[in-house]
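A closer look at the structure
Here is what each chain is made of, one letter per residue.
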Amino acid sequence: MSFRLTLILLNVLVIGGLLGVVFWRVFSLRRSPESTPANLTPFLEDEALEGRRLERVLGWTLLFSVVMILSLLAYFLWEPFRQPIMEDGFLERSVDRGAVLFANKASEHYNSEFSLLCADCHGVDGTGGVAIQTLQPEADECQLKKNKNNPDVPECAPQQVQWTAPNLTLAPLRYKRAQLIDIVTYGREGTPMPAWGVKSGKGPKNVQSINDLVNYLQSIKVTSDEAMKNAETAVDDYRKSADALVKGLQDESDKAAAALLEAQADPATSADDLDGLQSDADRLAAELALAITYRDDVEALTDGGVLFRLNCARCHTKGWSYYENDPANIDMAPLPAMGSGAYGPNLTNGSVLLQFPGKVGQQNQTTWVTDGVPEQGVYGVRGISSGRMPHFGKVLTKEQIAAIIEYERSL
Ligand code: HEC
Ligand code: HEC
């Protein structure tokens, strides 16, 4: 039984007891009407009343007054902390509810009734993951109904890709609270990120649950210093992983070529087996060629270029979100020019230089990427912010941002 319930029960008991006494007195008078009522019976003499008896009564009064003063004093001293304590408790409970909403089966807070499985895509600890997305080919002939899902037109078959779901322990550093609420409420059309808020007309969750989720995200954010340090190591890791991709494919491709040679030398190999081995070897050779082009691109990049890929490309380059997970995929359409626009505008062909011209422009561009401007505020020469772009002053150092700006201005 909780403390609160105990107090309520105690109150009910006391009030019930008092009522019982009153009823008993009234009914006992009714039952014997000739007995003298208590207020008409003779009482003690003044002599007796004004002696020790009076002192005793006054003593009790003094004692109760002291108790009253002390409790008022205690209340007065405690009062200023009551609100923050209440707010902390309120936030704590909200974060707990958010953790349950965020969880998936692998999380400690999972609840089969309430959990929304954000962790399936964003990782159990929110540090990012991948989501499967089905892409419909965009070629004109694939828009015709007869070509959709038609096995005779394989180039129009939907394609499954692995779309990067971002690291959310950085999200509260990159976005203001209102932006996070918008993202979670409306999701992001055309990406795997669903809409969760009732307000969007598509999601199941009310404003309180959206707030709980955002409070949870704010509770798992990393510090600014950590984010900046991780951004530094991410640049090296990115270059290393491009190298590792080539090495891995080189090994596989060598093995496939050797297996093919061996099979060709063996007269017992069937024509079907030979075809199979040949196509494996061709495929791996083609993947290796793509991986080498990718690795060479990465090697030619400045730190600013790598940082752009790691932080900006997913919004400013169409297809980057899945290309980056599988750069040697020969079935994927080639990536358009880096920075040529997607969810965020095209930054290539000097369009950044038009928006942010000259030295002053470069300064403005830095401020824009670092802190941004309020929603509907003006940036650059002709930009009006929709409030959708994240800002990077808390996740990248000044030098890293300067390097990205330098790279952007060369696009
Ligand atoms: C089906 C996979 C999936 C699920 C489930 C999902 N997300 Fe996402 N989420 C994504 C992807 C993918 C993106 C990035 C979209 C893009 O590329 O623009 C994203 C983006 C976000 C962002 C913006 C992050 C940034 O840095 O831009 C936030 C915040 C977010 N999700 C929160 C949530 C929350 C909270 C939930 C659960 C209520 C959730 N997501 C469930 C896939 C998912
Ligand atoms: C979550 C998606 C997203 C990410 C990530 C993102 N941007 Fe943006 N960016 C936008 C959107 C959307 C706009 C359009 C402005 C607006 O709506 O406020 C924009 C606008 C810009 C502009 C102004 C372009 C113009 O001509 O108006 C620049 C410059 C820019 N972004 C640079 C960057 C850089 C640098 C990074 C990485 C450090 C980055 N962006 C990361 C979404 C994004």
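Before going into details, it helps to say that this report is about the structure given with it. Worth saying up front: this structure is predicted, and the values here are computed from it rather than measured. (Residues numbered from 1 in each chain as written. Chains lettered and ligands numbered in written order. Predicted model: local features only at pLDDT ≥ 70, side-chain atom pairs only at ≥ 80, totals over all residues. Heavy atoms only, no water.)

1. So, the site of ligand 2
Spelled out, the test is: Throughout, near means a residue has at least one heavy atom within 4 Å of the molecule or strand. Under the scheme used here, helices are H or I runs from DSSP no shorter than 4 residues and strands are E runs no shorter than 2 residues, and both carry numbers assigned from the N terminus. Gly is placed with the polar residues, together with every amino acid not listed as nonpolar (Ala, Val, Leu, Ile, Met, Phe, Trp, Tyr, Cys and Pro) or charged (Asp, Glu, Lys and Arg).
The full set close to ligand 2 counts 24 residues, and C312, C315, H316, S386 and M389 are the nearest of them. Of all the secondary structure elements, the ones that give two or more residues to the shell around ligand 2 are helix 10 (313–316), helix 13 (358–370) and helix 14 (398–408). Taken together, the residues of the shell around ligand 2 break down into 14 nonpolar, seven polar and three charged.

2. Examining the coordination of the iron atom of ligand 2
We count it as follows: For Na, K and Ca the donor cut-off is 3.2 Å, while for other metals it is 2.8 Å, and in both cases only N, O and S atoms qualify; water is not among them, so sites may look incomplete. A 1.4 Å probe rolled over the protein chains alone gives each residue an accessible area, and that area as a share of the maximum for its type sets the label: buried under 20%, exposed over 50%, partly exposed in between.
All of the protein donors around the iron atom of ligand 2 are H316 (NE2) and M389 (SD); their distances to the metal are 2.1 Å. For H316, a relative accessible area of 8% corresponds to the buried category.

3. Here we look at the nonpolar core
Defined as follows: Side-chain atoms within 4.5 Å link the members of a nonpolar core, which is a set of buried Ala, Val, Leu, Ile, Met, Phe, Trp, Tyr and Cys residues. By the convention used here, residues are in contact when the closest approach between their heavy atoms is within 4.5 Å.
Within the largest apolar cluster, 32 residues are counted, with the highest numbers of intra-cluster contacts made by F308, V395 and L396. Those elements that place two or more of their residues in this core are helix 7 (224–265), helix 8 (271–300), helix 9 (303–311), helix 11 (320–323), helix 13 and helix 14. Per-element tally for this core: the top contributor is helix 7, with five residues. Discounting residues that sit within four places of it in the chain, L396 has contacts with M228, A231, L307, N311, I401 and I404.

4. Overview of the packing of aromatic side chains
How two aromatic rings sit relative to each other is set out by the distance from centre to centre and by the angle between their planes. Going by this rule: For this analysis, a ring pair means two rings from Phe, Tyr or Trp (six-membered ring only for Trp) whose centres lie within 6.5 Å, classed as stacked if their planes differ by under 30 degrees, edge-to-face if by over 60, and tilted for the remaining angles.
Tallied over the entire structure, the rule returns 10 aromatic pairs. On the numbers, 5.3 Å between centres and 45° between planes, the contact of F102 with Y216 is tilted. On the criterion of sequence distance, the pair formed by F102 in helix 2 (residues 46–102) and Y216 in helix 6 (residues 207–219) is long-range, its members being 114 residues apart. Ring plane angle 45° and centroid distance 5.4 Å describe the contact between F308 and Y407, whose orientation is recorded as tilted.

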